[in-house]
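Residues per chain are reported as follows:
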Amino acid sequence: MDDYSKALEFYEKTHQIYEKALPPNHPDLAIPYNNIAAVHYKMNNYSKALEFYEKSHQIFEKALPTNHPDLATSYNNIASVYNDMGDYSKALEFYEKDLEITKKVLPPNHPDLAISYNNIGLLYDDMGDYSKALKFHETALAIRKESLPPEHPAIKRSIDNIASVKQKM
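The rules we used
Residues numbered from 1 in each chain as written. Predicted model: local features only at pLDDT ≥ 70, side-chain atom pairs only at ≥ 80, totals over all residues. Heavy atoms only, no water. UniProt positions renumbered as here; feature names shortened; annotations may be inferred. Helix = DSSP H or I, 4+ residues; strand = E, 2+ residues; numbered from the N terminus. Buried < 20%, exposed > 50% of the residue type's maximum accessible area, 1.4 Å probe, protein only. Axes fitted to C-alpha atoms, helices over the stretch in contact; angles between N-to-C directions. Parallel < 35°, antiparallel > 145°, perpendicular 65-115°, else oblique. Left-handed = near helix turned anticlockwise from the far one by under 90°. Contact = heavy atoms within 4.5 Å. Nonpolar A, V, L, I, M, F, W, Y, C, P; charged D, E, K, R; others polar. Core = buried A, V, L, I, M, F, W, Y, C linked by side-chain atoms within 4.5 Å. Domains from an automatic or database assignment.

- If you look the protein chain up in an unreviewed UniProt entry, it shows as Kinesin light chain from Rotaria sordida.
- Among the UniProt annotations of the protein chain, the heading Subunit (unreviewed entry) holds the following wording: "Oligomeric complex composed of two heavy chains and two light chains."
- In the Function (unreviewed entry) part of its UniProt record, the protein chain is described as follows: "Kinesin is a microtubule-associated force-producing protein that play a role in organelle transport."

Next up, the structure:
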């Protein structure tokens, strides 16, 4: 409903409840921080989004094993903020951490793995490195073709991303 102040209010209340109900090292304590970050991200308040994504990530790092999928998602969220802030080197650093974990924990044809490749492809496109962008988009497309139905919208997005990059080359 785009009522961001109301969303923040309830996520902050959720955080207070979680802090009272859960032990200090519980990974679910990261959830409200992640949700607060997502609201700030939608509001284009990137510095606040980054602050709360990093708080969430710190909890995950303490509470979860180093190859946990939630850590990969956390790296991806942080990378997305850096990407939108135009800090491409930091975005790449975090997208690569996401990809590293995702490759370890998911089968090679899992659609979520394609998302990681796609995000790096989009980043390289933003950076103007079209040959690297193409490589990552082609990998994403191959995974999606193997794991999704032929008419799935993600396949079309990959095809469109490849066409867009080729047009710029």
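**Topic: unusual backbone geometry**
Okay, so step 1: Positioned with a positive phi, D2 is a non-glycine residue whose angle comes to about 60 degrees.
Okay, so step 2: Secondary-structure assignment places D2 in the segment before α1 (4-21).
Okay, so step 3: What makes D2 exposed here is its relative accessible area of 54%.
Okay, so step 4: Look at N44: it is not a glycine, yet its phi comes out positive at around 60 degrees.
Okay, so step 5: Structurally, N44 can be placed in the loop between α2 (30-42) and α3 (46-63).

**Regarding the packing of helix α7 (residues 130-147) against helix α8 (residues 153-168)**
Okay, so step 1: Running from N to C, α7 and α8 point in directions that differ by 160 degrees, and their axes come no closer than 9 Å. With respect to α8, the element α7 is oriented roughly antiparallel. When the axes of α7 and α8 are compared, the crossing they make is left-handed. Contacts between α7 and α8 involve Y130, A133, L134, H137, E138, A140, L141, R144 and K145 from the first element and A154, I155, S158, I159, N161, I162, V165, K166 and K168 from the second.
Okay, so step 2: Classifying every residue of the contact of α7 with α8 by side-chain character gives 10 nonpolar, three polar and five charged.

**Digging into the environment of K132**
Okay, so step 1: With respect to the element layout, K132 can be found in helix α7.
Okay, so step 2: Taking the C-alpha atoms as reference points, K132 and N119, separated by 13 residues in sequence, lie 12 Å from one another.

**Focus on the nonpolar core**
Okay, so step 1: In this structure, Y117 and I120 are the most contacted members of the largest nonpolar core, which totals 44 residues.
Okay, so step 2: Put simply, the parts of the chain that give this core at least two residues each are α2, α3, α4 (69-85), α5 (88-105), α6 (111-127), α7 and α8.
Okay, so step 3: Among the elements that line this core, the one with the most residues is α4, at seven residues.
Okay, so step 4: Residues lining this core come from more than one domain, with at least three contributed by each of domain 1 (1-87) and domain 2 (106-168).
Okay, so step 5: When neighbours within four sequence positions are excluded, I120 is seen to be in contact with L92, Y95, E96, L99 and F136.

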